[in-house]
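The lines below spell out each chain.
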Amino acid sequence: QISALNKPVLTINPGDTIHTTTVDAGGNDLNGVKRSLGGNPETGPFYVTGAMPGDVLVVHIKKLTLNRDWAGSDDGLDERAMNSDLAVKMKDVGKGIRWHLDRAAGTATPENPAEHLKHYTIPLKPMLGCISAAPNIAQAPPGSGDSGGYGGNMDFNEVAEGATVYLRVSNPGALLYFGDGHAAQGDGELNGNALETSMDVELTVDVIPDKRIGDPRVETATHIITMGLDGSIDDAFKEATSDM
């Protein structure tokens, strides 16, 4: 859970840099050892001294480094991406797929591929599926599979090395969480996951006092991005447009 009640793992100051690791979405570390239950277990929370409700937490993603040579995925499709006809055709899928990560070449290839995928490779682009500042203590803590104004499981592939993420502060200390590392992901997770893996993370945090924002924002070298997080794509579009 992205909870304001969890004890901080570390207290830091604005301007400090965090060097740490994440486990994969199933709770496995770089050695494949299961460290926690699955479902996007998070690293954190980190208490940022001086951050108060009404401020903005600034997270500069300095480095995302893959720390093992494999990732997990599957061959299914998310039920929200299918109509009934396609669901029937896809009834026998859902099997786990293991990917080999060639960190030197910067590519991923499926292990034991089907005939038509023997020469299939994709480029690696490590990213964080989850990054959050915990919602207010009066709110029931959301699970780490959810997303909202606090951030959460946004699964947005621009939350990558070099990006800056802006999150609204709802509790003293902001309480920063992150995890759900992906070696690569397309524009969303049509099969319910990406190339799920563990990674080494380096983040620098800062605070903008007395600056209120709605949903999270992301800045990259080329784009200023507002996030629309809602139950319908129409409402999410309105949120993102209004925030921009």
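What counts, and where the lines are drawn
- Residues numbered from 1 in each chain as written.
- Predicted model: local features only at pLDDT ≥ 70, side-chain atom pairs only at ≥ 80, totals over all residues.
- Heavy atoms only, no water.
- Helix = DSSP H or I, 4+ residues; strand = E, 2+ residues; numbered from the N terminus.
- Rg over C-alpha atoms; globule rule 2.2 N^0.38 Å.
- Buried < 20%, exposed > 50% of the residue type's maximum accessible area, 1.4 Å probe, protein only.
- Contact = heavy atoms within 4.5 Å.
- Phe/Tyr/Trp six-rings, centres within 6.5 Å; stacked < 30°, edge-to-face > 60°.
- Lys NZ or Arg CZ within 6 Å of the ring centre and 35° of its normal.
- Pairing = 2+ DSSP bridges.
- Axes fitted to C-alpha atoms, helices over the stretch in contact; angles between N-to-C directions.
- Core = buried A, V, L, I, M, F, W, Y, C linked by side-chain atoms within 4.5 Å.
- Salt bridge = Lys/Arg side-chain N within 4 Å of Asp/Glu carboxyl O.

Our focus in this paragraph is the overall build of the protein. Broken down by element type, the protein carries two helices and 16 strands. Relative to a compact globule of 244 residues, whose C-alpha radius of gyration would be 18 Å, the protein shows 18 Å and is just as compact. In the protein, which comprises 244 residues, the share counted as buried stands at 46%. Pairs at least 24 apart in sequence give 73% of the contacts found in the protein among residues at least 6 apart.

Moving on, we come to the packing of aromatic side chains. Applying the stated criterion to the full structure yields two aromatic pairs. Taking 5.5 Å as the distance between ring centres and 0° as the angle between the ring planes, the aromatic pair formed by Phe46 and Phe178 counts as stacked. A residue pair is termed long-range when its members are at least 10 positions apart, and Phe46 in strand β3 (residues 42-48) and Phe178 in strand β13 (residues 176-182) qualify at 132 residues. Here Phe46 matches Phe178 in class, with each residue buried. In this structure, Arg68 packs its charged tip against the face of Trp70, placed 3.6 Å from the ring centre.

To continue, consider the sheet that holds strand β2 (residues 17-22). Across the sheet, six strands lie side by side as β2-β14-β4-β12-β15-β16; this open sheet has antiparallel pairing. Both outer strands of the open sheet, β2 and β16 (224-226), are each paired with one neighbouring strand and no more. On average, each strand axis in the sheet is inclined to that of its neighbour by 25°, with strand direction left out of account. Across six bridges, β2 lies against strand β14 (residues 199-208) in antiparallel orientation. Considered in β14, the bridge of Thr22 is made with Met199.

Another point: the nonpolar core. Counting 40 residues, the largest nonpolar core has Leu57, Ile131, Leu176, Phe178 and Leu195 as the members making the most contacts within it. Of all the secondary-structure elements, those providing two or more residues to this core are β3, β4 (56-66), β6 (96-102), β9 (127-133), β12 (164-168), β13 and β14. Contact partners of Leu195, with chain neighbours within four places excluded, come to Ala71, Gly72, Trp99, Leu101, Ala108, Ile122, Gly181, His182, Ala183 and Ala184. One finds Ala4, Ala134, Tyr150 and Leu175 within the second-largest nonpolar core, a separate group that totals six residues.

Each regular strand shows side chains that alternate between the opposite faces of the sheet. For β3, a buried count of five out of seven residues is recorded, marking the element as mostly surrounded by other parts of the structure. One ladder, built from three bridges, connects strand β1 (residues 10-12) with β3; its direction is parallel. Opposite Ile12, over in β3, you have Val48 as the bridge partner. As paired elements, β3 and β13 share three bridges and run antiparallel to each other. Residue pairing for β13: Glu42 is matched across the bridge by Gly179.

Take the pattern of salt bridges next. All told, the structure shown has eight salt bridges when counted by the stated rule. The partner of Asp29 in a salt bridge is Arg35, and the shortest N-O contact between them spans 2.8 Å.

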